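# Coordinate analysis (summary)
Here's the letter readout for the chains.
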Amino acid sequence: MGEREVLFEFTQIGQQMRVSAIDADTKIEVIVITPVTASRYQMQALAMAKLKRRLAESEGQGGVAPQRLF
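Description of the structure in this document. Predicted model, so just to flag it, every value in this text is computed and none were measured. (Residues numbered from 1 in each chain as written. Predicted model: local features only at pLDDT ≥ 70, side-chain atom pairs only at ≥ 80, totals over all residues. Heavy atoms only, no water.)

## Let's talk about the overall build of the protein chain
- Counting its regular elements, the protein chain contains one helix and three strands.
- Start at the N end of the protein chain and walk to the C end: the helices and strands fall as β-β-β-α.
- For the protein chain, the proportion of its 70 residues judged to be buried stands at 23%.
- Counting only contacts in the protein chain whose residues sit at least 6 apart along the sequence, the fraction spanning at least 24 positions is 30%.
- Carbon and sulfur atoms form 52% of the exposed surface of the protein chain, whose accessible area is close to 5300 Å². (Helix = DSSP H or I, 4+ residues; strand = E, 2+ residues; numbered from the N terminus. Buried < 20%, exposed > 50% of the residue type's maximum accessible area, 1.4 Å probe, protein only. Contact = heavy atoms within 4.5 Å. Areas by Shrake-Rupley, 256 points an atom, 1.4 Å probe, with all protein chains shown as cover.)

So this is what it looks like as structure tokens:
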């Protein structure tokens, strides 16, 4: 993914943390929900992994798209 600028936003909702990761170039945003007991590093790592996957999918490198459950 190189040296992309990624913006993170943390919002606590009860005992959960909503973490948004936004790619500054493409404006693609992903959201993960984590326990508030997780470290900031763990929260960012999870959000970053999801963002990398989403960016790869949007660039046609994602392989098989995940199936919908509903």
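Picking up where we left off.
## What about the pairing of strand 1 (residues 6-13)?
- Bridge analysis of strand 1 against strand 2 (residues 16-23) gives eight bridges, and the strand direction is antiparallel. Residue pairing across strands places Phe 8 opposite Ala 21, the latter belonging to strand 2.
- Remark: two residues form the turn of the hairpin made by strand 1 and strand 2, two consecutive strands paired antiparallel; Gly 14 in that turn has positive phi of roughly 65 degrees. (Pairing = 2+ DSSP bridges.)

## Observations regarding the sheet that holds strand 2
- Spatial strand order, 1-2-3: three strands in an open sheet with antiparallel pairing. Every other strand in the sheet has two partners, leaving strand 1 and strand 3 (29-35) as the edge strands with one partner each. Each strand of the sheet is rotated relative to its neighbour by a mean of 20 degrees, with strand direction disregarded.
- Pairing of strand 2 with strand 3 involves seven bridges; the strand directions are antiparallel. Across the sheet, Ser 20 pairs through a bridge with Ile 31, a residue of strand 3.
- Across the sheet, helix 1 (residues 40-58) touches strand 1, strand 2 and strand 3, and the angle it forms with strand 3 is around 145 degrees. (Axes fitted to C-alpha atoms, helices over the stretch in contact; angles between N-to-C directions.)

## Concerning the side chain of Ser 20
- For Ser 20, the position within the fold is in strand 2.
- Residue class for Ser 20 comes out buried when judged on its relative accessible area of 1%.
- At a separation of 3.2 Å, a polar atom in the side chain of Ser 20 contacts the side chain of Arg 18.
- Each residue touching Ser 20, except ones within four places of it in the same chain, is listed here: Leu 7, Phe 8, Glu 9, Glu 29, Val 30 and Ile 31. (Polar contact = N/O pair within 3.5 Å; in protein donor to acceptor, adjacent residues only side chain to side chain.)

Everything listed here is a matter of geometry and, on its own, says nothing about what the molecule does.
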